[in-house]
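The primary structure of each chain is shown beneath.
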There are 2 protein chains.
Amino acid sequence: MTRLAEFQSEWIPKLNQQLEDDLTRATNDSEFSDMMKYAVLNGGKRLRPMLSLAAMACFGQKITPSFLKAATAVEWVHSYSLVHDDLPAMDNDLVRRGKPSVHAQFGEAEAILVGDALLTGAFHVLATANDSVVEDEMISAVELLKLSQILSVQSGSLGMVIGQVHDMYNHGKQSKIDETWLIDEVYMPKTGALLGFSALAGTRLSNQQDIDQIGQDRFDTNLAMLTFGYDFGIAFQIQDDLDDFDQDDTEDIMSLPHLIGVPAATQKRDSYLRHARQMLSDVSRHNSKFDRTLLDDFLNLIGDNV
Amino acid sequence: MTRLAEFQSEWIPKLNQQLEDDLTRATNDSEFSDMMKYAVLNGGKRLRPMLSLAAMACFGQKITPSFLKAATAVEWVHSYSLVHDDLPAMDNDLVRRGKPSVHAQFGEAEAILVGDALLTGAFHVLATANDSVVEDEMISAVELLKLSQILSVQSGSLGMVIGQVHDMYNHGKQSKIDETWLIDEVYMPKTGALLGFSALAGTRLSNQQDIDQIGQDRFDTNLAMLTFGYDFGIAFQIQDDLDDFDQDDTEDIMSLPHLIGVPAATQKRDSYLRHARQMLSDVSRHNSKFDRTLLDDFLNLIGDNV
């Protein structure tokens, strides 16, 4: 059993409980509450909040209740994005994780509103991360406001949303596409941005002042960990496309394997994984407390463990 | 010319400029930028941010750049809600302010994503309200985080979104409807919540500590102004329904005039307007600096000036 597998079996249930508690508080309308919970409490692996928690653990940061709650905000964003992406006007997916998608189950208007509520709720979760937490375990308001700002950038029209916009154009305007455009304008914002947020949030919350003092050459740990998150996200997306490609190579949706072939796409994936490991090496070199094992395990989830 | 009309002619152009500047910064994709601007820069009266600014002015608060920017966040939320409400699965409106609605102009997937981007952007605007502002005119991080929390409550599944959910049920399940339900479960969250936010935000930003000290009987100015915003919002919504009812009384959508008739709905509107004035009187009594004129002018926008 990897360290990550142990870590997951400890923390995924706690993340799910936090999500469920906050979802219960999120509305007084029991019908709508059921819809919101259906969209979120679906047995996901909680990859994004888990990445934040893993970063905290690697930096030796104790995961207190406020840190746990702050880490879940990104999962609300991820969940809303799946609900909206599945809509008939978008990917028109009737099934998600083997069950009817939200609009298939409850209706299209309901799915739009569930998504809107989850996106709004993400910022509520961040703003209330200190609720019911003892004073000396609180996150500063300055830091929570900064995380709210970063989350809005990574998930909005400079991040995830614009990735989805380009992915849509992608389906229609094939002339526009080359490898660089697909990675920089679709994979990076659509998948990389949220995982970048996750790695950065876990890092920022782990009391970065210490680390910056240790690294006397002004090494930017936050930037290295943000980059690690992006690298991981892009490799993860290429792997996802490789998996889909194997299953159905007549799919008319453009993806990296369609564009440059499976061997070249596999090489590209591996180069992002290597770069991610390089980021971890850089962070290790500048911070003696940093134990990279859990984050290496994350990278090992993808591909052939290069 | 009323004081409000003067105030509007001074501040609406500044609000529009702030919105345009922030929209320009919100994305690097020029096509998507045009769509976002189309949705927001549409000649609206900026009722919600204007209410915040008017509250500041009534409390004698100077409207600095950070206050102006913070006041615009609610307009991003309002704008996104119109884009999503117009969607085919929702109200299916092809026209908004005499022009094609966002989905009619750009497509349905685009409209979903424009709405998502605007909602996300609202929280970015709040989190960056102090950008390019001199130190002594900054809003504290504690206050901005609190406003972010309140905005998420008023616009999400305890506020505007749930009002829209109920408004949808409303069309289908007429058995559920009575006057109290319609006002408490539709009008209050759907229209009241954002205007309540606007009045409260302007009040909170006007250095409430002073006022609470003046009122020695622990009068809650924030609560009174929040209630004022709700009262105004509900009266505004009833007036809107009265206007629609006059124009087309075969409309099959349930509204207060359909439910209890025009005279009773008019009385109800007037009772909310009276209650709103009462709130202003209460605030005036507890704060000698408070000049209610601008907010009275807001109430005078509605109905027969009771």
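You'll find the structure just up there.
Here's a quick rundown of the structure. These numbers come from a predicted model, not from an experiment.

Quick word on helix H3 (residues 47–58) of chain A
All names here are of chain A.
Argument step 1. With 12 residues, H3 extends 16 Å between its outermost C-alpha atoms, agreeing within 8% with the 16 Å of an ideal straight helix rising 1.5 Å per residue.
Argument step 2. Most of H3 sits out of view: 11 of its 12 residues are buried.
Argument step 3. Of all the residues in H3, the buried ones are Leu47, Arg48, Pro49, Met50, Leu51, Ser52, Leu53, Ala54, Ala55, Met56 and Cys58.
Argument step 4. Of the residues flanking the end of H3, it is glycine 60, one or two places downstream, whose phi is positive at about 75°.

A short note on the relation of the copies chain A and chain B
Argument step 1. Turning chain A through 180° and shifting it by 0.0 Å along the axis lays it on chain B, with an RMSD of 0.0 Å. Each copy turns onto its partner about a two-fold axis.
Argument step 2. Looking at chain A, 100% of its interface residues are interface residues in chain B too, so the copies touch through the same face.

Things to note about the packing of aromatic side chains
Argument step 1. Under the defined criterion, the tally for this structure stands at 11 aromatic pairs over all chains.
Argument step 2. The interplanar angle of 45° and the centroid separation of 4.7 Å between the aromatic rings of phenylalanine 59 of chain B and phenylalanine 290 of chain B together place this pair among those described as tilted. Remark: phenylalanine 290 of chain B occurs in the loop between helix H13 (262–286) and helix H14 (293–300) and phenylalanine 59 of chain B occurs in the loop between helix H3 (47–58) and helix H4 (65–85); sequence separation between them is 231 residues.
Argument step 3. Judged by its relative accessible area of 3%, phenylalanine 59 of chain B falls in the buried class.
Argument step 4. Following the ring pairs from residue to residue traces out a cluster consisting of Phe232, Phe236 and Phe298 of chain A.
Argument step 5. Positioned over the ring face of tryptophan 11 of chain A is lysine 14 of chain A, at 4.3 Å from the centre of the ring.

Some thoughts on the packing of H3 of chain A against helix H9 (residues 179–204) of chain A
Residue and element names in this part refer to chain A.
Argument step 1. Orientation of H3 relative to H9, taken along the N-to-C sense of each, is 30°, at an axis distance of 7 Å. Here H3 is positioned roughly parallel relative to H9, judged by the angle of their axes. Here H3 runs over H9; the crossing is right-handed. Taking contact as the criterion, the partners of Leu47, Arg48, Leu51, Ser52, Ala55 and Met56 in H3 are, on H9, Leu194, Leu195, Ser198, Ala199, Ala201, Gly202 and Thr203.

Notes on the pattern of salt bridges
Pairing between side chains of opposite charge can happen when their charged atoms approach one another.
Residues and elements named next belong to chain A.
Argument step 1. Within the structure shown, the criterion is met by 28 salt bridges over all chains.
Argument step 2. Where arginine 292 meets aspartate 296, a salt bridge forms, and the shortest distance between an N and an O atom there is 2.6 Å.
Argument step 3. Relative accessible area serves as the criterion here: at 21%, arginine 292 is assigned to the partly exposed category.
Argument step 4. The buried category is assigned to aspartate 296, whose relative accessible area is 15%.

Structural notes on unusual backbone geometry
Residue and element names in this part refer to chain B.
Argument step 1. Its identity is not glycine, yet arginine 46 carries a phi of approximately 55°, on the positive side.
Argument step 2. On the basis of relative accessible area, arginine 46 is assigned to the buried category, the value being 2%.
Argument step 3. A positive phi is found at serine 132, a non-glycine position, where the angle reads about 55°.
Argument step 4. Considering the arrangement of structural elements, one finds serine 132 in the loop between helix H6 (108–127) and helix H7 (141–155).

Topic: the environment of lysine 99 of chain A
Residues and elements named next belong to chain A.
Argument step 1. Note that lysine 99 resides in strand E2 (residues 99–100).
Argument step 2. Note on lysine 99: relative accessible area 36%, which makes it partly exposed.
Argument step 3. In this structure the C-alpha to C-alpha distance between lysine 99 and leucine 223, which are 124 residues apart in sequence, comes to 38 Å.
Argument step 4. With sequence-adjacent residues up to four places away left out, lysine 99 is seen in contact with Tyr38 and Leu94.

Description of the packing of H4 of chain B against helix H9 (residues 179–204) of chain B
All names here are of chain B.
Argument step 1. Running from N to C, H4 and H9 point in directions that differ by 165°, and their axes come no closer than 10 Å. Judged on the interaxial angle alone, H9 and H4 are roughly antiparallel. Between H4 and H9 lies a crossing of left-handed hand. The residues of H9 that touch H4, namely those facing Val74, Val77, His78 and Asp85, are Lys190, Leu194, Phe197 and Ser198.

Topic: the environment of aspartate 296 of chain B
Argument step 1. Checked against the element boundaries, aspartate 296 of chain B lands in helix H14.
Argument step 2. Setting aside residues up to four positions removed in sequence, aspartate 296 of chain B forms contacts with Arg277 and Leu280 of chain B.

Examining the interface of chain A and chain B
Argument step 1. Residue-level contacts link 48 residues of chain A with 48 residues of chain B.
Argument step 2. Of the roughly 3,900 Å² buried between chain A and chain B on both sides combined, carbon and sulfur atoms contribute 68%.
Argument step 3. When the area that chain A buries against chain B is broken down by residue, the three leading residues are Leu113, Thr120 and Leu145 of chain A, summing to 15%.
Argument step 4. Put simply, chain A and chain B have zero salt bridges between them.
Argument step 5. Connecting chain A to chain B are eight residue pairs in polar contact (both at pLDDT 80 or more).
Argument step 6. Counting only elements with at least two residues in the side of chain A that touches chain B, the list comes to helix H2 (30–40), helix H4 (65–85), helix H6 (108–127), helix H7 (141–155) and helix H8 (160–172) of chain A.
Argument step 7. Ranked by residues supplied to the side of chain A that touches chain B, first place goes to H6 of chain A with 12 residues.
Argument step 8. Looking at the side of chain A that touches chain B residue by residue, the classes come out as 26 nonpolar, 14 polar and eight charged.

Rules behind the numbers
Residues numbered from 1 in each chain as written. Chains lettered and ligands numbered in written order. Predicted model: local features only at pLDDT ≥ 70, side-chain atom pairs only at ≥ 80, totals over all residues. Heavy atoms only, no water. Helix = DSSP H or I, 4+ residues; strand = E, 2+ residues; numbered from the N terminus. Expected span 1.5 Å × (residues − 1). Buried < 20%, exposed > 50% of the residue type's maximum accessible area, 1.4 Å probe, protein only. Least-squares fit on C-alpha atoms with pLDDT ≥ 70 in both. Contact = heavy atoms within 4.5 Å. Phe/Tyr/Trp six-rings, centres within 6.5 Å; stacked < 30°, edge-to-face > 60°. Lys NZ or Arg CZ within 6 Å of the ring centre and 35° of its normal. Axes fitted to C-alpha atoms, helices over the stretch in contact; angles between N-to-C directions. Parallel < 35°, antiparallel > 145°, perpendicular 65-115°, else oblique. Left-handed = near helix turned anticlockwise from the far one by under 90°. Salt bridge = Lys/Arg side-chain N within 4 Å of Asp/Glu carboxyl O. Buried area = accessible area lost by both parts, 1.4 Å probe. Polar contact = N/O pair within 3.5 Å; in protein donor to acceptor, adjacent residues only side chain to side chain. Nonpolar A, V, L, I, M, F, W, Y, C, P; charged D, E, K, R; others polar.

The values are spatial; any link to function lies outside them.
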